[in-house]
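Per-entry structural report
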Amino acid sequence: MALTAAHGFKLVHNTPKVRKLTHGGNELVLDHPVIMGILNVTPDSFSDGGRFFNKDDALRHADEMVAAGAEIIDIGGESTRPGAAPVSEEDETARVVPVVAAVREKYPDIWISCDTSTPGVMRKACAAGCDIINDIRALRREGALEAAAETGAPVCIMHMQGEPGHMQDNPVYQDLIGEVSEFFYERIDACLNAGIKRDNIILDPGFGFGKTLDQNYKLLGELEKFRSFDLPILAGMSRKSMIGGVTGTGTGDRLEGTVAAHLFSILKGADIIRVHDVKAHKDAVDVEHKIISVDTVKDIVVALHAHLAFHAMGFAHASNLENILASYHGLAVIVLIVHSLDMRAQF
């Protein structure tokens, strides 16, 4: 497996290209885990519905997230929680566009994402200063592909089985990873055919969108398999039921579980994490990066990389990986980190 900057590792050899998003002459370089802060301007979102429905309240919350370290602000005007009712284009536009414009005016350099599936909202939000179209329906609404292509903005395409109103009724898969991958193949082709640049496509496996508790954790445990697309990966598990299903906590008490899940997703290849609690995630990501940047860990990573290279070329193992790891006493956390990575070589 090629360990990348998205995992927090800096390799001496075989360092892959750095991914980046581009829009309107601006670049967002994904050489480190990027935090996307959630700004819901809705009355009924599952976790913070109604808190930032007012434009002034929304802008204050954007201030807090930018100060805490968010590099993307994701603004949404339609709740997509399980059982959510659809919103008219007029209502969604009235909620989203003024906030996009206000955030853009105050923060010319921050990246703004619009969480929408509606073609008209995509166009108006991008005209007001939006940089990324984040669509839970993966541009499947009529006219969405064309609208996204016209804006020239990067797009985030998410996997969802069903629609928000009924997606959690009884999600069934014969091959979860294979079916999500097939969905991505189809939607990537659709984007390319519409004129969207491949380098501006982000993949979101859709945690909590038409998946059971066990399916969500299988998706997280095998997240690295989507690296084969060579596209940025977004992970969004903030305060979701997949966290509460393990901790037994309500939406307001899922911070610790959410941070744990997102840190693991970074180790498994996520480039962007979408979160409600920016400061807690920024601190945790910074500490994680420091842990895996110390010299001892670099030695382990180089040894692991060589070990996998020999294995990929068919040579007998020069040494046992367990012995390599065991030689660094007192670094149990490093063992956990390295073991969390998929051991299959992808050169």
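Everything numeric in this text was worked out from a predicted model, so none of it was measured.

Conventions and cut-offs
- Residues numbered from 1 in each chain as written.
- Predicted model: local features only at pLDDT ≥ 70, side-chain atom pairs only at ≥ 80, totals over all residues.
- Heavy atoms only, no water.
- Helix = DSSP H or I, 4+ residues; strand = E, 2+ residues; numbered from the N terminus.
- Buried < 20%, exposed > 50% of the residue type's maximum accessible area, 1.4 Å probe, protein only.
- Contact = heavy atoms within 4.5 Å.
- Polar contact = N/O pair within 3.5 Å; in protein donor to acceptor, adjacent residues only side chain to side chain.
- Expected span 1.5 Å × (residues − 1).
- Arc of directions from axis to C-beta.
- Phe/Tyr/Trp six-rings, centres within 6.5 Å; stacked < 30°, edge-to-face > 60°.
- Core = buried A, V, L, I, M, F, W, Y, C linked by side-chain atoms within 4.5 Å.
- Salt bridge = Lys/Arg side-chain N within 4 Å of Asp/Glu carboxyl O.
- Pairing = 2+ DSSP bridges.
- Right-handed = clockwise from strand over helix to strand, strands pointing away.
- Axes fitted to C-alpha atoms, helices over the stretch in contact; angles between N-to-C directions.
- Parallel < 35°, antiparallel > 145°, perpendicular 65-115°, else oblique.
- Nonpolar A, V, L, I, M, F, W, Y, C, P; charged D, E, K, R; others polar.
- pLDDT = per-residue confidence, 0-100.

What follows concerns the environment of Arg 19. Within the secondary structure, Arg 19 is located in the segment before strand E1 (20-23). For Arg 19, a relative accessible area of 13% corresponds to the buried category. Ignoring anything within four residues of it in the chain, the contact list for Arg 19 reads Leu 28, Val 29, Leu 30, Arg 227, Asp 230, Leu 231, Pro 232 and Asp 271. A polar contact of 2.9 Å, which involves the side chain of Arg 19, links it to the side chain of Asp 230.

Let's shift gears to helix H9 (residues 278-291). The terminal C-alpha atoms of H9, which comprises 14 residues, lie 20 Å apart, in line with the 20 Å expected from a rise of 1.5 Å per residue. Three or more residues of H9 are buried, namely Val 278, His 281, Ala 284, Val 285 and Glu 288. Down the axis of H9, the buried side of the element spans an arc of 135 degrees, and every buried residue falls inside it. The outward face of H9, more than 90 degrees from its buried face, is lined by the exposed residues Lys 279 and Lys 290.

Time to look at the packing of aromatic side chains. A full pass over the atoms with the stated rule returns 4 aromatic pairs. Ring geometry for Phe 184 and Phe 226: centres 5.7 Å apart, planes at 85 degrees, overall edge-to-face. One end of the pair, Phe 184, is in helix H5 (residues 176-194); the other, Phe 226, is in the loop between helix H6 (213-221) and strand E9 (234-235), and 42 residues separate them in sequence. The buried category is assigned to Phe 184, whose relative accessible area is 0%. Residue Phe 226 is classed as buried on the basis of its relative accessible area of 1%. With 5.9 Å between their ring centres and 85 degrees between their planes, Phe 184 and Phe 229 make a pair best called edge-to-face.

Taken as a class, soluble globular proteins show a tendency for nonpolar side chains to be buried jointly. Core analysis: the biggest nonpolar cluster contains 66 residues, and Ile 75, Leu 139, Val 155, Ile 157, Ile 201 and Phe 226 have the highest contact counts within it. No other element matches H5, which puts 8 residues into this core. Contacts of Leu 139, omitting those with residues within four sequence positions, involve Met 122, Ile 133, Ala 144, Leu 145, Ala 148, Val 155, Ile 157, Arg 187, Cys 191 and Ile 196. Grouped together as the second largest cluster of nonpolar side chains are 12 residues, Leu 21, Leu 28, Cys 156 and Ile 272 included.

Moving on: the pattern of salt bridges. For the coordinates displayed, the defined rule picks out 18 salt bridges. Close ionic contact of Asp 63 with Lys 106 constitutes a salt bridge, the shortest N to O distance being 2.9 Å. Of this pair, Asp 63 sits in helix H1 (residues 55-68) while Lys 106 sits in helix H2 (residues 89-106), placing them 43 residues apart in sequence. Residue Lys 106 is classed as partly exposed on the basis of its relative accessible area of 42%.

Turning to the pairing of strand E5 (residues 111-115), a few remarks are in order. With 5 of its 5 residues buried, E5 lies for the most part within the structure. With burial as the criterion, each face of E5 is covered, one bearing Trp 111, Ser 113 and Asp 115 and the other bearing Ile 112 and Cys 114. Bridging between strand E4 (residues 72-76) and E5 involves 5 bridges; their strand directions are parallel. Opposite Ile 73, over in E5, you have Ile 112 as the bridge partner. One ladder, built from 3 bridges, connects E5 with strand E6 (residues 132-135); its direction is parallel. Bridge pairing in E6 places Asp 115 opposite Asn 134. Once the chain exits E5 it traverses helix H3 (residues 119-128) before rejoining the sheet at E6, and the crossover so formed is right-handed.

Contact pair H5 / H6: the axes reach a minimum separation of 10 Å and the direction vectors enclose 70 degrees. Of the possible angle classes, the one that applies to H5 and H6 is roughly perpendicular. Contact residues: H5 offers Leu 176, Ile 177 and Val 180, while H6 offers Gln 215, Lys 218 and Leu 219. A class-by-class count of the residues in the contact of H5 with H6 yields 4 nonpolar, 1 polar and 1 charged.

It is worth spelling out the sheet that holds E6 at this point. Read from one edge to the other, the open sheet built from 8 strands follows the order E8-E7-E6-E5-E4-E3-E10-E9, with strand pairing classed as parallel. Across the chains shown, the open sheet's two edge strands, defined by having one partner strand only, are strand E8 (201-204) and E9. Across 4 bridges, strand E3 (residues 34-40) lies against strand E10 (residues 272-275) in parallel orientation. Opposite Val 34, over in E10, you have Ile 272 as the bridge partner. Each of E3 and E4 is contacted by H1, which is oriented at about 165 degrees to E3, the strand it contacts most.

Next up on the list: the confidence of the model for the protein chain. For the protein chain, per-residue confidence averages 83 on the pLDDT scale, and residues scoring 70 or more make up 74% of the total. This model gives residues 45-49 a pLDDT under 50, and the stretch forms 18 contacts once residues within four places in sequence are excluded. Note on residues 313-347: pLDDT is under 50 here. Beyond four places in sequence and across chains, it has 57 contacts.

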